[in-house]
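Coordinate inspection notes
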Amino acid sequence: MPLKLYNTLTRAKDPFEPIDPDHVRMYVCGPTVYDFAHIGNARPVIVFDVLFRLLRHLYPKVTYVRNITDVDDKINARAAQDYPGMPLNEAIAKVTRETTRQFHEDIAALGVLEPTHEPACTGHIREMIGMIGVLESKGFAYEAEGHMLLDTAAVPDYGQLSGRSLDEMIAGARVEVAPYKKNPADSVLWKPSTDEQPGWDSPWGRGRPGWHIECSAMSKAYLGEVFDIHGGGIDLVFPHHENELAQSRCAHGTDKMANVWMHNGYLQVEGRKMSKSEGNFTTVNELLKDWPGEVLRLQMLMTHYRKPLDWTLRRLREAQKTLDDWYDHIHLREPGDVDSRIVEVLSDDLNTPAAITRLHEMYDEIRGPVSGKPMADLIHIFRASANMLGLLQKTHLEWFAAKPGATVDEKIIDTLIAARNKARADRDFTEADRIRDQLDAMGVVLKDGPDGTTWELKQ
């Protein structure tokens with residue numbers, strides 16, 4: 001089955017036709033690093049990780065860019081709040097460094113692959129200034145009270161992504177109302193900075209970029225003027241993606257920025273909108289203290305990415321039981337070929353619920369009394385198919401030993417030590433080192449001596 005993806009721009013599920021069949025290029029908006037990632041932030045990270053895995057299966061080369069937004073007024077406010085008395089630039093550097101590190105740790109626990117490139121805004125200010133200059137020279141940007149702004153009235157077909165009129169888009173949207181704007185929807189490309197705020201020299205004075213121009217400049221730097229897929233949450237359609245599209249088209253003289261625009265749906269918690277005022281605001285980091293990352297990942301994938309997702313305790317428990325069952329019976333680590341039906345349903349606009357249903361069918365075949373196929377083959381195919389969704393990435397022993405709240409199982413440790421000793425005897429030092437690292441992650445310190453290997457728990 002050919003790959004089909006729902007395109008927000010066309011409002012249809014279209015066959016995917018890459019610009020270059022030998023090299024697919026995708027950009028996804030990453031985090032603004034001022035706070036812990038919440039479960040709503042995790043949804044696009046997981047969704048587009050699955051798409052990245054599928055594209056790598058289907059095409060010879062895939063370049064995946066996910067950015068880090070480290071220039072933003074929310075970051076400035078958090079830095080001033082958390083580190084009063086510290087010079088603001090130092091406090092900002094501390095906030096962005098610590099938050100970026102925590103983001104990487106949290107999404108790694110969710111089984112997310114690293115993108116091909118992860119540019120930070122601060123590393124591409126020159127490209128942003130250059131693009132703003134082009135927009136100004138072409139008549140699509142104007143200066144007002146030290147700001148450079150996108151003139152949305154001058155942009156042909158502005159609003160084509162969200163499919164609404166300008167008045168409809170502005171109503172209730174996240175646009176800054178300012179008296180110096182010609183039109184309320186005009187977005188800030190460049191804003192002035194005080195001596196204390198982060199700032200860079202530009203033709204319009206010392207200042208810093210607006211949010212939207214950042215992704216336009218970085219996507220162009222890594223993927224070119226027009227690329228295959230642009231992704232993110234549905235909340236980014238307007239104003240962020242609408243303005244990215246307008247800026248890039250006008251600066252480059254193209255009719256597109258990306259051929260396909262994909263957006264995942266909203267997330268709510270137990271039937272209610274997630275918010276701090278509701279008392280149901282939950283971060284990935286908090287959840288990982290009680291649930292393995294793969295459980296969070298599986299619950300996300302049980303709902304189609306374009307549908308609203310209701311995050312519930314019942315579904316978490318369901319995902320936990322499913323993975324416990326699978327890990328309890330799938331002991332062989334080496335994956336085989338991915339099941340063709342899995343590829344087929346994922347190629348139908350990333351239908352992960354159907355893929356999970358297929359995994360349950362395959363698991364039942366493995367557990368059934370008569371399969372007609374060699375058991376090892378079935379297990380290898382099952383693991384490869386689960387891996388396509390980023391699941392079953394651990395061994396049986398790793399899964400049950402690493403579950404939050406798990407106690408030390410001496411039998412598991414002894415089994416791993418015996419496996420390491422065998423690997424060393426077979427001179428398979430790569431495997432021996434892997435087992436040592438696995439034990440180290442479990443908090444077990446090995447001591448090799450003339451009388452054999454002993455162990456103790458880390459203090």
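Residues numbered from 1 in each chain as written. Predicted model: local features only at pLDDT ≥ 70, side-chain atom pairs only at ≥ 80, totals over all residues. Heavy atoms only, no water.

Details of the packing of helix H9 (residues 293–301) against helix H10 (residues 313–329)
Interaxial distance between H9 and H10 falls to 8 Å at its minimum, and their mutual angle equals 115°. Between H9 and H10 lies a crossing whose hand is right-handed. In this structure, H9 uses Glu294, Val295, Leu296, Leu298 and Gln299 to contact H10, whose residues at the interface are Arg315, Leu316, Ala319, Gln320, Thr322, Leu323 and Tyr327. Broken down by class, the residue content of the contact of H9 with H10 amounts to seven nonpolar, three polar and two charged. (Axes fitted to C-alpha atoms, helices over the stretch in contact; angles between N-to-C directions. Helix = DSSP H or I, 4+ residues; strand = E, 2+ residues; numbered from the N terminus. Left-handed = near helix turned anticlockwise from the far one by under 90°. Contact = heavy atoms within 4.5 Å. Nonpolar A, V, L, I, M, F, W, Y, C, P; charged D, E, K, R; others polar.)

What about the state of the cysteines?
Applying the stated rule across the entire model yields zero disulfides. Not part of a disulfide, Cys29 finds its nearest cysteine sulfur in Cys215, a span of 3.9 Å. On the basis of relative accessible area, Cys29 is assigned to the buried category, the value being 13%. Relative accessible area serves as the criterion here: at 1%, Cys215 is assigned to the buried category. (Disulfide = S-S within 2.5 Å. Buried < 20%, exposed > 50% of the residue type's maximum accessible area, 1.4 Å probe, protein only.)

Looking at the side chain of Thr96
As for its position among the elements, Thr96 is in helix H3 (residues 88–109). Only 3.1 Å separates the side chain of Thr96 from the backbone oxygen of Ala93, close enough to count as a polar contact. Excluding residues that lie within four positions of it along the chain, Thr96 makes contacts with Val33, Asp70 and Ile75. (Polar contact = N/O pair within 3.5 Å; in protein donor to acceptor, adjacent residues only side chain to side chain.)

Here's the deal with the pairing of strand E14 (residues 444–449)
By the bridge criterion, six bridges tie E14 to strand E15 (residues 452–457) in an arrangement that is antiparallel. Of the residues in E15, the one forming a bridge with Gly449 is Gly452. With antiparallel pairing between neighbouring strands as the criterion, E14 and E15 make up a hairpin whose turn holds two residues. (Pairing = 2+ DSSP bridges.)

Describing empty space enclosed by the protein
For the structure shown, the criterion picks out two cavities of 30 Å³ or more. Its volume calculated, the largest cavity comes out at about 70 Å³. Residue lining of the largest cavity: Arg43, Ile46, Val47, Val50, Met300, Leu301, Thr303, His304, Tyr305, Leu350 and Thr352, and that is the complete set. The set of elements that each furnish at least two residues to the lining of the largest cavity consists of helix H1 (39–58) and H9. Examining the composition of the lining of the largest cavity, we find that four residues originate from one element, H1, more than from any other. When grouped by side-chain class, the residues that make up the lining of the largest cavity number seven nonpolar, three polar and one charged. Computed from the structure, the second largest cavity encloses a volume of approximately 30 Å³. Lining the second largest cavity we find Ile39, Ala42, Ile46, Leu110, Val284, Leu287, Leu296, Met300 and Trp311. The set of elements that each furnish at least two residues to the lining of the second largest cavity consists of H1, helix H8 (284–287) and H9. (1 Å grid on protein atoms, 1.4 Å probe; cavity = no way out; pocket = protein on both sides within 12 Å on 5 of 7 lines; lining within 4 Å. Points joined across faces, edges and corners; volume = space filled by probe spheres on them.)

As for the packing of helix H2 (residues 73–82) against H3
For the pair H2 and H3, the least separation of the axes is 8 Å and the interaxial angle reads 105°. As the angle between them shows, H2 and H3 are arranged roughly perpendicular. Counted together, Ile75, Asn76, Arg78, Ala79 and Ala80 of H2 and Leu88, Ala91, Ile92, Val95 and Thr96 of H3 form the full contact between these two elements. Taken together, the residues of the contact of H2 with H3 sort by class into seven nonpolar, two polar and one charged. (Parallel < 35°, antiparallel > 145°, perpendicular 65-115°, else oblique.)

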